[in-house]
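Summary of the model geometry
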Amino acid sequence: MKGDTKTTIGVFSGLAFSGKSHYLNWVRKQPEFRQTPVIAIDPIRKELFGDATATKTQHLFKNEAARWEIKKQLVSRQPRALLIEMVMLTRENHQKPFVKMVRETQDVLHSIEKEKKSSADSSPRIDLRVLYLYCSISAVKARIERRLKEKGECDIFDVSGYFKDAVRYDFPSAAEYTPLPID
């Protein structure tokens, strides 16, 4: 389409210790992504709740805050790309609300474009790309040990905490999005 503007959202998803930060940092070092804005969930959680372990309701609020930050970036800055680091654990509390936010944001961008021009010759689009990262349990154990030594940011400090989240994970339905699995 003539005049199309597109923003690609790249979401690095997966359970804790799956390599989301590692791959996101690798992508950010590539020349074409050095200036790309990044939104990561752990700094948002820390800003909201500090070092305290978050309750389920606080986690849902944190996800809502992250979605608002993403929407704000997309509407106010309209970047060519936006990189996101989020777990995207369950369909109902994470995946569906995220996709709904993307659709609503695209609607807002279309409305803004219509208000700016008498004949809308451009059509803002948001292209959602999700990577689902996973790894072996031995890699998870090694990463937990390393994180405990580094005192890094994470709510999970042992393998049982990891499994608690792992059993709750819903692979997204094709109606929402189809992630690219990366081991």
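Our structure's up above, just so we're on the same page.
So, here is what we can say about the structure in this document. (Residues numbered from 1 in each chain as written. Predicted model: local features only at pLDDT ≥ 70, side-chain atom pairs only at ≥ 80, totals over all residues. Heavy atoms only, no water.)

On to the environment of Pro 31. Here Pro 31 is to be found in the loop between helix H1 (20-28) and strand E2 (38-40). Among the residues examined, Pro 31 registers a relative accessible area of 56% and is labelled exposed. As for Pro 31 and Val 130, which are separated by 99 residues in sequence, their C-alpha atoms are 21 Å apart. (Helix = DSSP H or I, 4+ residues; strand = E, 2+ residues; numbered from the N terminus. Buried < 20%, exposed > 50% of the residue type's maximum accessible area, 1.4 Å probe, protein only.)

This structure, assessed with the given rule, holds 9 salt bridges. The shortest N-O distance in the salt bridge between Lys 96 and Glu 92 comes to 2.8 Å. Of this pair, Lys 96 and Glu 92 both sit in helix H4 (residues 91-116), 4 residues apart, which is roughly one turn of that helix. The class for Lys 96 is partly exposed, based on a relative accessible area of 33%. Residue classification places Glu 92 among the exposed residues on the basis of a relative accessible area of 53%. For Asp 127, the salt bridge identified is with Arg 129, shortest N-O distance 3.3 Å. (Salt bridge = Lys/Arg side-chain N within 4 Å of Asp/Glu carboxyl O.)

Successive side chains on a regular strand alternate, one facing one side of the sheet and the next facing the other. Where burial is concerned, most of strand E1 (residues 5-14) is hidden: 7 out of the 10 residues are buried. Note: E1 against strand E4 (residues 124-133), 10 bridges, orientation parallel. What sits directly across from Ser 13, in E4, is Tyr 132. As paired strands, E1 and strand E3 (residues 81-85) are joined by 5 bridges and run parallel to one another. Residue pairing in the sheet places Phe 12 in a bridge with Glu 85 of E3. (Pairing = 2+ DSSP bridges.)

This next bit is on the packing of aromatic side chains. According to the stated counting rule, one finds 5 aromatic pairs in the structure shown. Geometrically, the ring pair formed by Tyr 132 and Tyr 134 is stacked, given 6.0 Å between the ring centres and 20 degrees between the ring planes. What makes Tyr 132 buried here is its relative accessible area of 11%. By relative accessible area, which is 37% here, Tyr 134 ends up partly exposed. Ring geometry for Tyr 132 against Phe 171: centres 6.1 Å apart, planes inclined by 85 degrees, an arrangement best described as edge-to-face. Taken together, the positions of Tyr 132 in strand E4 and Phe 171 in the loop between helix H6 (159-166) and strand E5 (180-182) put the pair 39 residues apart, joining distant regions of the chain. An aromatic cluster of at least three residues, connected via ring pairs, comprises Tyr 132, Tyr 134, Tyr 169 and Phe 171. (Phe/Tyr/Trp six-rings, centres within 6.5 Å; stacked < 30°, edge-to-face > 60°.)

Packing of helix H3 (residues 56-76) against H4 brings their axes to within 10 Å, and their N-to-C directions diverge by 25 degrees. Considering the angle they form, H3 stands roughly parallel to H4. The two elements H3 and H4 cross, and the hand of that crossing is right-handed. Contacts between H3 and H4 pair Lys 56, Leu 60, Asn 63, Arg 67, Ile 70, Lys 71, Leu 74 and Val 75 from the former with Asn 93, His 94, Pro 97, Phe 98, Met 101, Glu 104, Thr 105, Val 108, Leu 109 and Ile 112 from the latter. Classifying every residue of the contact of H3 with H4 by side-chain character gives 10 nonpolar, 4 polar and 4 charged. (Axes fitted to C-alpha atoms, helices over the stretch in contact; angles between N-to-C directions. Parallel < 35°, antiparallel > 145°, perpendicular 65-115°, else oblique. Left-handed = near helix turned anticlockwise from the far one by under 90°. Contact = heavy atoms within 4.5 Å. Nonpolar A, V, L, I, M, F, W, Y, C, P; charged D, E, K, R; others polar.)

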